[in-house]
Amino acid sequence: MQPPPTPFAPALSRRSFLKASTALACGGSLLASMPNAHAAPANGPLMAYVGTYSSPLPIVRPGQVDLPPGNGRGIHLFEVDRATGALSPRGVFEQPSSPSCLAFNAAGTRMYSVNETAQMGDTGSGSVCSFAINRTDGQLKLLNTVNSGAEGPTYVSVHPSERFVLVANYFGGAVSVFPILADGSLGAASDVKKDAGTVGPKKATNAPPGSFAFSGHDLPHSHMIQTDPAGRFVLSPDLGLDQILVWKFDDKAGVLSPNDPAAVTFPPGDGPRHFSFHPNGRWFYSLQEEGSNIALFDYDSEKGRLAKRQTLSSLPPGFAGSNFCSEIMVSSDGKFVYAANRLHDGIAYFAVGKDGTLKYAGEEWTRGDYPRSFNFDPTGNFLYSCNQRADAVTTFRVNRKTGGLTFTGQYAPVGNPSIIVFLDLGKAH
């Protein structure tokens, strides 16, 4: 289960990648004890928001491998040094229900979080929060909280129309759609669709030699939800079903309907987790959690169809043993694809050929345990790894010519970090 971060590619920026009671699901406030934001420069600060696991999972299923103890405190705020990439703490929005994925609206005035360990009433469902963002110092104000429609929401994104929020519910095996109201708060779900099909085997077809990786082939597990660049189709990987489901989207009613075909199927047990579009909108890269591989598809934007063209390992040549993939992103210039490997604890990078095919170019150790996700700052000059089990975010300088990563020596302590997203308050929206 995991989420991803706010997308890096400017060509796709409109995508915005972007055990608690109901009363506590999102009912935190910024701590007065945290240091006040420094006086912002004339052009405004660059802010980073880190979502965390702030409480343990309320239900532990047999075979569950990811058991974050809940060391986080909610949404941690940082100011980013634009020259060095260093993160300076600017407060915490206390949130005890594990805001594990965050997304902004295009204007940078609203934030949305899914709260993975929330329990809404007797349903067992998680929750979704909406926040107003102070454009001077980046501080958050809770607007409202709604039922996520199923258990364990793990991913949130904003539809390009700015009228709906999309949510993937991992444990509930379902996707949900929420209307965005005039003030940026959320209405009740306009649609909830349960994933259905045959659950794949525990052993991935493409697992590395000696792998015992098993994380989600017990039930349907919706892991991500996001539109294509035009917003006409919605794509959602289900790890347990070994499929990426493709939906047509009614952007007036906020309702999903199956595309034709309704899904693309992966080798049994490989477990599609996250995906990323190339800036040209025609190449689509999917990362498989248990198969530890990347698949390249050609994307037909008129019909919402995917045609696979390449599969290669996310790991360095010769790797053997267990590994869980987590995050995949394409650089803004489209020259490199990056993929995170948990247990191996590295971020691999791949050169993109003229036809979109990938070639392994290298990797860098994350300087921490279990990189749940990573993201780039708005310039693309720095990469930040959320090392969940190491309780720290680490910073790397990006070589834009080679794709290589160089550790800056900077660690930002954060309990069980899950996602990091960036908002430039000096940029007009």
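Source: prediction; values computed, not measured.

1. Quick notes on the overall build of the chain
Each helix and strand in the chain was counted, giving 0 helices and 28 strands. Counting all 429 residues of the chain, 62% fall into the buried class. Surface accessibility of the chain: about 14700 Å² in total, with carbon and sulfur atoms responsible for 55%.

2. Considering the side chain of Asp377
Summarising the element assignment, Asp377 is placed in the loop between β24 (371–376) and β25 (382–387). Although Asp377 is buried, it makes no salt bridge; Arg400 carries the closest opposite charge, 6.7 Å away. Polar side-chain contacts of Asp377 include one of 2.7 Å to the side chain of Thr379.

3. Some points on the sheet that holds strand β14 (residues 243–250)
Taken in spatial order, the 4 strands make up an open sheet running β12-β13-β14-β15, and their pairing is antiparallel. Only two strands of the sheet have a single partner each, and these edge strands are β12 (226–227) and β15 (255–265). Sheet topology places β14 next to β15; 7 bridges connect them, and they run antiparallel. Its bridge partner being in β15, Leu245 is matched across the sheet by Ala263.

4. Looking at the pattern of salt bridges
Considering all chains together, one arrives at 13 salt bridges under this definition. For Asp191, the salt bridge is made with Lys193, and the minimal N-O distance between the two is 2.6 Å. Exposure remark for Asp191: the relative accessible area of 10% places this residue in the buried category. On the accessibility criterion, Lys193 (21% relative accessible area) is partly exposed. When the shortest N-O distance is used, the salt bridge between Glu289 and Arg273 registers 2.4 Å. In this pair, Glu289 sits in the loop between β17 (283–288) and β18 (293–300) while Arg273 sits in strand β16 (residues 272–277), placing the two residues 16 residues apart along the sequence.

5. Some points on the environment of Pro237
Structurally, Pro237 is set in strand β13 (residues 233–238). Separated by 34 residues in the primary sequence, Pro237 and Gly271 place their C-alpha atoms 8.4 Å from one another. Not counting the four nearest positions on each side in its chain, Pro237 is found in contact with His221, Ser222, His223, Met224, Gln243, Ile244, Pro272, Arg273 and Phe275.

6. A short note on the pairing of strand β21 (residues 336–342)
Of all 7 residues in β21, 7 are buried; the element is thus mostly enclosed. Neither face of β21 is open: one carries Phe336, Tyr338, Ala340 and Arg342, the other Val337, Ala339 and Asn341, and all of them are buried. By the bridge criterion, 5 bridges tie strand β20 (residues 324–330) to β21 in an arrangement that is antiparallel. Within β21, the position partnered with Cys325 by the bridge is Asn341.

7. Some details on unusual backbone geometry
Omega for the peptide link from Asp260 to Pro261 comes to 0°, which places this bond in the cis form. Relative to the assigned elements, Pro261 resides in strand β15. Notably, Asp242 is not glycine yet its phi reads approximately 55°, a positive angle. As for its placement among the helices and strands, Asp242 is situated in the loop between β13 and β14. Even without being a glycine, Asp345 presents a positive backbone phi close to 60°.

8. Description of the nonpolar core
Membership of the largest hydrophobic core comes to 55 residues, with the highest contact counts inside it found for Tyr49, Ile75, Met111, Leu140, Val165 and Phe284. Excluding residues within four positions of it along the chain, Met111 makes contact with Tyr49, Ile75, Leu102, Ala103, Phe104, Cys129, Ser130, Phe131, Ile133 and Leu140. Counting residues in each nonpolar core, the second largest holds 15 residues, with Tyr285, Leu296, Cys325 and Leu358 among its members.

9. Examining the environment of Ser127
Within the fold, Ser127 resides in strand β6 (residues 125–133). A residue is classified by how much of its surface remains accessible, and Ser127, at 0% relative accessible area, is buried. When the C-alpha positions of Ser127 and Thr145 are compared, they lie 6.5 Å apart, and in sequence the two are 18 residues distant.

10. Considerations on the side chain of Thr52
Here Thr52 lies in strand β1 (residues 46–52). In this structure Thr52 touches Gly72, Arg73, Gly74, His76, Ser98, Pro99, Ser100, Val414, Gly415, Asn416, Pro417 and Ser418, once residues within four positions along its chain are discounted.

11. A closer look at the pairing of strand β27 (residues 405–413)
Bridging between strand β26 (residues 392–398) and β27 involves 6 bridges; their strand directions are antiparallel. Opposite Thr394, over in β27, you have Tyr411 as the bridge partner. What sits between the antiparallel neighbours β26 and β27 is a turn of 6 residues, in which Gly403 has the positive phi angle 85°.

12. As for the environment of Ala196
Summarising the element assignment, Ala196 is placed in the loop between β11 (191–194) and β12. We classify Ala196 as exposed; its relative accessible area is 63%.

13. A closer look at the sheet that holds β25
Strand order across the open sheet formed by 4 strands is β24-β25-β26-β27, with antiparallel pairing between neighbours. At either margin of the open sheet sits one strand with a lone partner, and together these are β24 and β27. On average, each strand axis in the sheet is tilted by 25° relative to the strand beside it, whichever way the strands run.

14. Re the confidence of the model for the chain
The predicted model of the chain averages 91 in pLDDT, with 90% of residues at 70 or higher. Contacts of residues 1–42 to residues separated by more than four positions or lying in other chains number 160 contacts, the stretch itself having pLDDT below 50.

Reading guide: rules and limits
Residues numbered from 1 in each chain as written. Predicted model: local features only at pLDDT ≥ 70, side-chain atom pairs only at ≥ 80, totals over all residues. Heavy atoms only, no water. Helix = DSSP H or I, 4+ residues; strand = E, 2+ residues; numbered from the N terminus. Buried < 20%, exposed > 50% of the residue type's maximum accessible area, 1.4 Å probe, protein only. Areas by Shrake-Rupley, 256 points an atom, 1.4 Å probe, with all protein chains shown as cover. Lys, Arg positive; Asp, Glu negative; His and termini not counted. Salt bridge = Lys/Arg side-chain N within 4 Å of Asp/Glu carboxyl O. Polar contact = N/O pair within 3.5 Å; in protein donor to acceptor, adjacent residues only side chain to side chain. Pairing = 2+ DSSP bridges. Contact = heavy atoms within 4.5 Å. Core = buried A, V, L, I, M, F, W, Y, C linked by side-chain atoms within 4.5 Å. Axes fitted to C-alpha atoms, helices over the stretch in contact; angles between N-to-C directions. pLDDT = per-residue confidence, 0-100.

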